[in-house]
Amino acid sequence: QTLSATAALANISLEELGIKDPKPGYRAGAKLIAQLSGDNIDNLAGTIDLTDLRWLNDRNQGLRLPRLTVSACPRNYPQSIKVSSELLEGEISGRYCLSAIPAQLKAMAATYMPALFANEVEPRPLDRRKKRPVGENCFDYEFTLNSTEAISNFFGIGAAVVYPTQIKGHIDSRNGLASLQI
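What counts and how
- Residues numbered from 1 in each chain as written.
- Predicted model: local features only at pLDDT ≥ 70, side-chain atom pairs only at ≥ 80, totals over all residues.
- Heavy atoms only, no water.
- Phe/Tyr/Trp six-rings, centres within 6.5 Å; stacked < 30°, edge-to-face > 60°.
- Helix = DSSP H or I, 4+ residues; strand = E, 2+ residues; numbered from the N terminus.
- Core = buried A, V, L, I, M, F, W, Y, C linked by side-chain atoms within 4.5 Å.
- Buried < 20%, exposed > 50% of the residue type's maximum accessible area, 1.4 Å probe, protein only.
- Contact = heavy atoms within 4.5 Å.
- Patch = residues over 30% accessible without salt bridge, like charges linked within 9 Å, V, L, I, M, F, W, Y side chains within 5 Å.
- Areas by Shrake-Rupley, 256 points an atom, 1.4 Å probe, with all protein chains shown as cover.
- Salt bridge = Lys/Arg side-chain N within 4 Å of Asp/Glu carboxyl O.

Caption draft 1: Spatial organisation of the packing of aromatic side chains. Evaluation of the coordinates by the stated rule reveals five aromatic pairs. Taking the centre distance of 4.9 Å and the plane angle of 80° together, the rings of Phe-154 and Phe-155 count as edge-to-face. Three or more aromatic residues joined by ring pairs form one cluster here, namely Tyr-26, Trp-55, Phe-154 and Phe-155.

Caption draft 2: The arrangement of unusual backbone geometry in detail. In the segment running from Tyr-77 into Pro-78, the intervening peptide bond is cis, with an omega of 0°. Tracing the backbone through its elements, the reader meets Pro-78 in the loop between β4 (62-73) and β5 (79-85). At Asn-60, a residue that is not glycine, the phi angle is positive and equals roughly 65°. Structurally, Asn-60 is set in the loop between β3 (45-56) and β4.

Caption draft 3: A look at the nonpolar core. Core analysis: the biggest nonpolar cluster contains 11 residues, these being Ala-72, Ile-81, Val-83, Ile-92, Tyr-96, Ile-101, Met-108, Phe-139, Tyr-141, Phe-143 and Ile-171. The set of elements that each furnish at least two residues to this core consists of β5, α1 (101-112) and β9 (138-145). Broken down by element, the residue count for this core peaks at three residues, all from β9. Sequence-distant contacts of Phe-143, that is, excluding residues within four places in its chain, are made with Val-83, Leu-88, Glu-89, Gly-90, Glu-91, Ile-92, Thr-165, Gln-166 and Ile-167. Formed by five residues, the second largest nonpolar core is a distinct cluster that contains Leu-14, Tyr-26, Leu-63 and Phe-154.

Caption draft 4: Representation of a nonpolar patch on the surface. A cluster of nonpolar side chains, namely Tyr-112, Met-113 and Leu-116, defines an oily patch on the protein surface of about 400 Å² accessible area. For Met-113, the location among the structural elements is in the loop between α1 and β7 (126-127).

Structure representation (structure tokens):
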């Protein structure tokens, strides 16, 4: 399945969509170009390009992000997802199954903090259609988080990243390992 889309979104009110809006009275907008193929989050391939992202009040003040591009190549090896924007640059590279990551990270955390995850249900270990383990993840990630001052000021957060910060690590679900370096 493929999707090719171009859209201009303007004057979107989260309140009117029934979503709790942390900045009432502000409206969102962006321009979207998407070229995607796949039928689920794990095999989605292609590019989503958002430009002129904005969340502004009636005086044209607020938050702006000129560009956000996300591209995924799940059919290549190593698989990769790349993110590019003024705020965040980087990639995931290796073997990934995005839908399985939350459950796998919870399982890893439960090993060290079992009381916090006592009622969690283990994910199915086998995808019967493909006859292979579900959600194998073995990938490296490396991102640079640039200044978050504008976002922190906009939302009234008392802390911000001022200088570019490297975030990197590795996830290996087979061996129950995850690392994070900042």
